[in-house]
Amino acid sequence: MRIATLTTALRTQNTILNLQDQMLRAQQQVSTGKISQIYSGLSGDNARISIQLREEIQTKEAYINTINSVRTRTKVMEAALVGMQDLAEQMRSELIKQQEGKYDDTAPVLKQFADSAIDQLVSLLNSQSEGRNLFNGTSVGTQPLINATTLKTNAFAAIPALAVGNSATVIANSGTFFGTDGNWNNVGGLPPGQTRPFAFDAAEGVRLEFGELANNDAFEELFEVFAIFADVDYAAGLDADYSALVTDGLTRVETAADNIGLMIAALGTTQARMTDIEGQHKDDNTVLTKQLDGVENIDSFEAAAEFQLIQGQLQAAYQTTASLRSLSLANFL
């Protein structure tokens with residue numbers, strides 16, 4: 001049976017085109033290590049599996065990014081809380097020195113320290129991270145504390161001068177002033193349904209809350225004590241009243257320091273939980289990535305062998321085509 005030269009040529013040309021497509025795919029596999037650059041190039045259910053695995057990996061990466069962003073805020077918040085606790089401890093030390101009764105020598109030093117402590121406490125409670133105020137609940141765009149100069153001016157005006165028998169009044173007036181939020185802060189409320197100012201999803205079904213408000217009782221107590229000793233002046237004959245202020249201040253400063261310590265511990269617990277969850281996400285992504293590699297990747301040696309095989313087939317097809325195209329009537333005759 002005789003086969004037409006044209007038919008043979010067309011079949012050979014079609015073979016060459018197919019081999020060229022296969023060779024291009026093999027080249028891409030060798031260079032990228034991927035079976036295909038498009039989902040349709042994957043066989044069976046592999047395209048669906050690939051899409052699902054990639055979605056899971058991206059979701060966990062999003063959780064990891066959120067945790068890293070929150071970690072930055074918690075570190076700033078933690079540093080601020082540690083600074084507040086240090087102020088409380090320093091104030092405690094200064095008040096203990098007053099118990100020696102040498103008020104003429106120690107009261108002026110305490111007055112200076114208390115005045116400076118107010119400035120520092122205002123600055124710490126106005127701490128920001130990425131443009132967000134960290135101690136103002138829902139009002140992240142507003143500083144929770146009014147400026148220190150205004151605060152001290154108003155507080156000192158509300159606290160009477162220390163006189164014989166009026167230490168209780170001094171304490172009460174300071175408490176009344178700082179017990180009214182509008183006198184010293186602009187604190188926003190908590191978001192609906194939350195017990196802490198901030199919350200975020202660390203994983204599917206895992207929502208973590210953290211943070212403190214600037215008008216927390218512990219901070220208020222510190223301001224009350226700082227303001228009293230930054231404002232009042234000791235004078236001869238006021239030993240009993242000044243001693244009453246010291247005793248009251250020492251008790252409240254110690255309580256405030258303890259409560260701030262609990263805040264630091266709670267924040268540390270949240271940070272530890274974040275680290276654990278982040279580690280789990282990374283471990284999961286390691287497993288998911290290996291699964292994805294099994295679906296999408298090709299063995300490099302297998303890909304190279306396939307490429308060489310197709311290359312040989314293509315070379316043979318080229319030679320056949322060259323032979324067919326060299327036919328002529330003269331050759332036939």
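Residues numbered from 1 in each chain as written. Predicted model: local features only at pLDDT ≥ 70, side-chain atom pairs only at ≥ 80, totals over all residues. Heavy atoms only, no water.

A. Examining the environment of Q194 more closely. Its location among the elements puts Q194 in the loop between helix 5 (167-178) and strand 3 (198-203). Residue class for Q194 comes out buried when judged on its relative accessible area of 17%. Every residue in contact with Q194, bar those within four places of it in the chain, is listed here: A199, R207 and E209. (Helix = DSSP H or I, 4+ residues; strand = E, 2+ residues; numbered from the N terminus. Buried < 20%, exposed > 50% of the residue type's maximum accessible area, 1.4 Å probe, protein only. Contact = heavy atoms within 4.5 Å.)

B. View of the pairing of strand 3. As paired strands, strand 3 and strand 4 (residues 206-210) are joined by 5 bridges and run antiparallel to one another. Following the sheet pairing, A203 is matched in strand 4 by V206. Counting the residues between successive antiparallel strands, the hairpin from strand 3 to strand 4 contains 2 residues, one of them, G205, with a positive phi of roughly 80°. (Pairing = 2+ DSSP bridges.)

C. Geometry of the packing of helix 3 (residues 103-125) against helix 6 (residues 217-231). Remark: helix 3 packs on helix 6, axes separated minimally by 7 Å, with the N-to-C direction vectors making an angle of 145°. Handedness of the crossing formed by helix 3 with helix 6: left-handed. Where helix 3 approaches helix 6, its residues L110, K111, A114, D115, A117, I118, L121, V122 and L125 are matched on the opposing element by F219, L222, F223, F226, A227, F229, A230 and D231. For the contact of helix 3 with helix 6, the class distribution of residues is 14 nonpolar, no polar and 3 charged. (Axes fitted to C-alpha atoms, helices over the stretch in contact; angles between N-to-C directions. Left-handed = near helix turned anticlockwise from the far one by under 90°. Nonpolar A, V, L, I, M, F, W, Y, C, P; charged D, E, K, R; others polar.)

D. Structural view of helix 5. In this model helix 5 runs 17 Å from its N-terminal to its C-terminal C-alpha over 12 residues, within 8% of the 16 Å that 1.5 Å per residue would give. Buried within helix 5 are the following residues: S167, V170, I171, S174, F177 and F178. Buried residues along helix 5 cover an arc of 130° about the axis, so they all sit on one side. Every exposed residue of helix 5 that faces more than 90 degrees away from the buried side is listed here: A168 and T176. (Expected span 1.5 Å × (residues − 1). Arc of directions from axis to C-beta.)

E. A look at the environment of I277. Positionally, I277 belongs in helix 7 (residues 239-296). The buried category is assigned to I277, whose relative accessible area is 11%. The spatial distance from the C-alpha of I277 to the C-alpha of I67 is 8.8 Å, given a sequence separation of 210 residues. Among residues more than four places away in sequence, those in contact with I277 are I67, A202, A203, V206 and L208.

F. Highlighting the pattern of salt bridges. Within the structure shown, the criterion is met by 14 salt bridges. E254 is paired through a salt bridge with R92; the nearest N and O atoms lie 3.0 Å apart. Residue E254 is found in helix 7, and its partner R92 is found in helix 2 (residues 46-98); the two are separated by 162 residues along the sequence. In this structure E254 comes out as partly exposed when scored by relative accessible area, which is 29%. The residue K97 makes a salt bridge to E94 at a minimum N-O spacing of 3.5 Å. Of this pair, K97 and E94 both sit in helix 2, separated by 3 residues, roughly a single helical turn. A relative accessible area of 42% means that K97 is categorised as partly exposed. Of the residues examined, E94 reaches a relative accessible area of 14% and is grouped as buried. (Salt bridge = Lys/Arg side-chain N within 4 Å of Asp/Glu carboxyl O.)

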